[in-house]
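Below, each chain spelled out in residue letters.
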Amino acid sequence: MTSQFEQKFLEYFGFNPAIWHSGISKKKKEIIWSGISCGEIKVVIGARSSLFLPFKKLGIIIVDEEHDQSFKQDEGVTYNARDMAISRASFENIPVNLITAVPSIETFENIKKGKYEVSRLSERYRNAALPNYEIINLNNTKLEKQSWLSAKIIEKVNLHLEKKDQVLFFLNRRGFSPNALCNKCFSSFTCPNCTINLVYHKNKNNLICHYCGFKSELRRNCGKGNQCEFVFSGPGVERISEEVKRKFPGKKIDIFSSDTINKKDSKEKIRKIINNEIQILVGTQLISKGFHFPHLNCIVVVDIDLSSHGHDLRGAEKNLQLYHQLSGRAGRTGKPATVYFQTYENNSKMISEITNENPDIFLERELEIRKKNKLPPYQRFISLILTGENEKKLEIAKSKGAAKSVYSDIPQAALTFAFWAWFGVLSFIVSITGTMLAFASLNLRDPRMHEERNLNKRKGLYWRFARLLAARRKYIWERTKILFKPKIVEKEVEVEKIVEKIVEVEKIVEKPVWFIVLYLILPIGYLLSAFQIAKSFGKNIT
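Computed from a prediction, not measured in an experiment: that's the story for all the values here.

Chemist: Sorry if this is basic, but what is going on with the packing of aromatic side chains here?
Modeler: Aromatic rings considered in pairs are described by the distance between their centres and by the relative angle of their planes. A full pass over the atoms with the stated rule returns 14 aromatic pairs. Measuring from centroid to centroid gives 5.6 Å for Phe52 and Tyr79, while their planes differ by 80 degrees, and the two rings are edge-to-face. With a gap of 27 residues between them, Phe52 in the loop between strand 2 (44–46) and strand 3 (61–64) and Tyr79 in strand 5 (residues 79–80) connect regions that are remote in the sequence. Judged by centre distance (6.0 Å) and plane angle (70 degrees), the rings of Tyr323 and Phe341 are edge-to-face. Placement of the pair is Tyr323 in helix 9 (residues 315–327) and Phe341 in strand 17 (residues 338–343), with a sequence separation of 18 residues. Look at Phe341 and you get buried, because its relative accessible area is 0%. Each residue in the set Tyr133, Phe170, Tyr323 and Phe341 is aromatic and connected to the rest through ring pairs, giving one cluster. The ring of Trp20 is capped by Lys29, whose NZ or CZ atom sits 5.3 Å from the centre of that ring. Sitting over the face of the ring of Phe189, Arg220 holds its NZ or CZ atom 4.2 Å from the ring centroid.

Chemist: Honestly, the confidence of the model for the chain in this entry has me stumped. Any pointers?
Modeler: Regions with low pLDDT carry predicted coordinates that are not meant to be interpreted in detail. Averaged over the chain, the pLDDT score is 79; the fraction of residues at 70 or greater is 73%. Mean pLDDT values for the elements of the chain range from 43 in helix 15 (residues 447–451) up to 97 in strand 8 (residues 166–170). Segment residues 405–410 is flagged for pLDDT under 50; beyond a separation of four residues in sequence, or across chains, it makes 3 contacts in the model. Low pLDDT (under 50) marks residues 440–493, which in the prediction has 56 contacts with non-local residues, meaning those over four places away or in another chain.

Chemist: Looking at this structure, how should I read the nonpolar core?
Modeler: Across soluble globular proteins, nonpolar side chains show a tendency to be buried alongside one another. Within the largest apolar cluster, 32 residues are counted, with the highest numbers of intra-cluster contacts made by Phe293, Val301, Ile304, Tyr323 and Leu326. Elements supplying a minimum of two residues to this core: helix 4 (105–112), strand 8, helix 7 (266–274), strand 16 (296–301), helix 9, strand 17, helix 10 (348–354) and helix 11 (360–372). Sort the elements by how many residues they give to this core and helix 9 lands first, with 4 residues. Once residues lying within four places of it in the same chain are set aside, the contact partners of Phe293 are Gln166, Phe256, Ile270, Ile273, Ile274, Ile287, Arg329 and Arg332. Core analysis: the next-biggest nonpolar cluster, separate from the first, contains 21 residues, Ile136, Ile154, Val167 and Ile280 among them.

Chemist: Explain the packing of helix 4 against helix 11 here, please?
Modeler: Helix-helix packing: each pair is described by the crossing angle between the helix axes and the interaxial distance. Taken N-terminus to C-terminus, the directions of helix 4 and helix 11 make an angle of 95 degrees; their axes are 11 Å apart at the nearest point. Considering the angle they form, helix 4 stands roughly perpendicular to helix 11. For the pair helix 4 and helix 11, contact is made by Ile105, Phe108, Glu109 and Lys112 and by Asp360, Leu363, Glu364, Glu366, Leu367 and Arg370, respectively. Residue composition of the contact of helix 4 with helix 11, grouped by class: 4 nonpolar, no polar and 6 charged.

Chemist: Got a minute to help me understand the pairing of strand 9 (residues 179–182) in this structure?
Modeler: It is a general feature of regular strands that their side chains alternate between the two faces of the sheet. What you see with strand 9 is a clean split: Ala180 and Cys182 sit on the buried side and Asn179 and Leu181 on the side with no burial. Across 4 bridges, the pairing between strand 9 and strand 13 (residues 230–233) is antiparallel. Across the sheet, residue Leu181 finds its bridge partner in strand 13, namely Val231.

Chemist: Mind showing me how you'd approach the sheet that holds strand 12 (residues 215–216) here?
Modeler: Within a sheet, each strand pairs with its neighbour through backbone hydrogen bonds, oriented either parallel or antiparallel. In spatial order, the strands read 10-11-12; together these 3 strands make up an open sheet with antiparallel pairing. One side of each edge strand has no neighbouring strand; the edge strands of this open sheet are strand 10 (199–201) and strand 12. Both strand 10 and strand 11 (residues 206–208) contribute to a ladder of 3 bridges, which runs antiparallel. What sits directly across from Val199, in strand 11, is Ile208.

Chemist: I keep staring at helix 12 (residues 391–399) and nothing clicks. Help me out?
Modeler: Two residues of an α-helix separated by three or four positions point the same way, owing to the 3.6 residues in each turn. Within helix 12, only 0 of the 9 residues are buried, which leaves the element largely exposed. Between a side-chain oxygen at the N-terminus of helix 12 and the backbone nitrogen of Lys392 the separation is 3.0 Å; the capping residue is Asn390.

Chemist: Would you explain the side chain of Arg124 in this entry?
Modeler: Inspection of the secondary structure assignment puts Arg124 in the loop between helix 4 and strand 7 (132–137). One buried charge, Arg124, has no salt-bridge partner; the nearest side chain with opposite charge is Glu357, at 9.2 Å. From its side chain, Arg124 meets the backbone oxygen of Ala129 in a polar contact 2.8 Å long. Apart from residues lying up to four places away in sequence, Arg124 is in contact with Ala129, Leu130, Pro131, Ser327, Gly328, Ala330, Gly331 and Arg332.

Chemist: I'm lost on helix 4 in this one. Help?
Modeler: All of the buried residues along helix 4 are Ile105, Thr107, Phe108, Glu109 and Asn110. Where helix 4 is buried, its residues meet helix 3 (81–92), strand 6 (96–99), helix 9 and helix 11.

Chemist: Mind showing me how you'd approach the side chain of Arg82 here?
Modeler: The residue Arg82 is located in helix 3 in this model. Accessibility expressed as a relative area gives 8% for Arg82, which makes it buried. Of note is the side chain of Arg82, whose polar atom sits 2.9 Å from the side chain of Ser104. With residues near it in sequence (within four places) discarded, Arg82 still touches Glu66, Phe71, Leu98, Ser104, Glu106 and Thr107.

Conventions and cut-offs
Residues numbered from 1 in each chain as written. Predicted model: local features only at pLDDT ≥ 70, side-chain atom pairs only at ≥ 80, totals over all residues. Heavy atoms only, no water. Phe/Tyr/Trp six-rings, centres within 6.5 Å; stacked < 30°, edge-to-face > 60°. Helix = DSSP H or I, 4+ residues; strand = E, 2+ residues; numbered from the N terminus. Buried < 20%, exposed > 50% of the residue type's maximum accessible area, 1.4 Å probe, protein only. Lys NZ or Arg CZ within 6 Å of the ring centre and 35° of its normal. pLDDT = per-residue confidence, 0-100. Contact = heavy atoms within 4.5 Å. Core = buried A, V, L, I, M, F, W, Y, C linked by side-chain atoms within 4.5 Å. Axes fitted to C-alpha atoms, helices over the stretch in contact; angles between N-to-C directions. Parallel < 35°, antiparallel > 145°, perpendicular 65-115°, else oblique. Nonpolar A, V, L, I, M, F, W, Y, C, P; charged D, E, K, R; others polar. Pairing = 2+ DSSP bridges. Polar contact = N/O pair within 3.5 Å; in protein donor to acceptor, adjacent residues only side chain to side chain. Lys, Arg positive; Asp, Glu negative; His and termini not counted. Salt bridge = Lys/Arg side-chain N within 4 Å of Asp/Glu carboxyl O.

Right under this line is the structure:
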């Protein structure tokens, strides 16, 4: 998509922007970094990390598709680039534009509260009509064995192909099949790191974990002897592509997913799609990310039930955003377009909600549900993750409800906190008060009184400390007499009495035992209290 964005920018503004993402070479990044820092580069089109570039005089930040979940980084430093862009714009005192067809729940809530201003596009580019929607009820038709496309869909697609329309079969699932099962022992391949099913990729002939990237060969000894005999459950885009090739022979068909769109041939593939050299596309959500394909006028959602089920808090919100974006790929040049939904549930209300021209209706209802159930953005969630080198110990901790102990141990932790906080504060106050008293007695006292004690003959840690202060006494005493000379002359008797009282206090403070209490025991006390407070809470969370 970067190449298409760059080309459009050049057409509108007449110059090339700097491009910043992980695929840029180190040398090119150094050139861009230098150009930005000295103010030579004026515009950057970049990924999340571009927010940290050293702009000399940043004027505006534009976040395209602000609702997209890919703005959130979960590895290393965890942050949401959308929120980071808002923060940087606030620091720089510049505007930030959040661009989206359907705003995220958080953004919509900020619009309602008046925190954000909103500008709306009332019509599509060149006044193009929105696509029509049609539901295909799979309960009324019998699918062929190992087939996922109904006869009615095949008929509809043929009508569009006769009109020279481009067709997209949409299934948000990479690979060939999400499950590889043994026909004899009925066991499946799972990731050793994530404990989820590995996805079979037929084009690469291996199994891949879509979370951590773990790879495995499709080969395993069966629990019932010899090698496992595999069967594949459920379709991915590769499997749908094979069926589409059987149903529409002679048509140029290609897969559009993150597995097939690479750096080398992405520009060429997009060029072919734009020129209608590829008649049928089989794609994942990647194709919904703002691409402009002028001949695409037919979209078939192979299985909308797949995305409507699940336990994701943001599931409904994501569906709304995904299918609004997907529908926006069709009919962009003004020709009549249709989006077909295959479903077993025939939930026309759900489909009409996520495809409604005004998504605010859905978002309003979603906000009410979340407020009622105390869900974000009205409440915050905390993720408690148990980690360790010993998996068995983690399972035992999990079975005992280790995570719940955070709540059950809060009263005990609160008492521990209260005791050690009291002890720490008391230690700190006594230590500081004693120290100030010692300094007062040493600084305000007449240095002649110290000469009688001959401190230079004393030895030990305390007396070394006292000798360091003795050098300053005479200077401080002389400065005191200069500053308060009128009062000393007028009230010499009162000053002498004050000095005598200080001397009496000093006799107590100068004892080595007080030095040990003030400078060793009490500081250790409030350091120990801080450690105990951290320990009382830390042991429950870790």
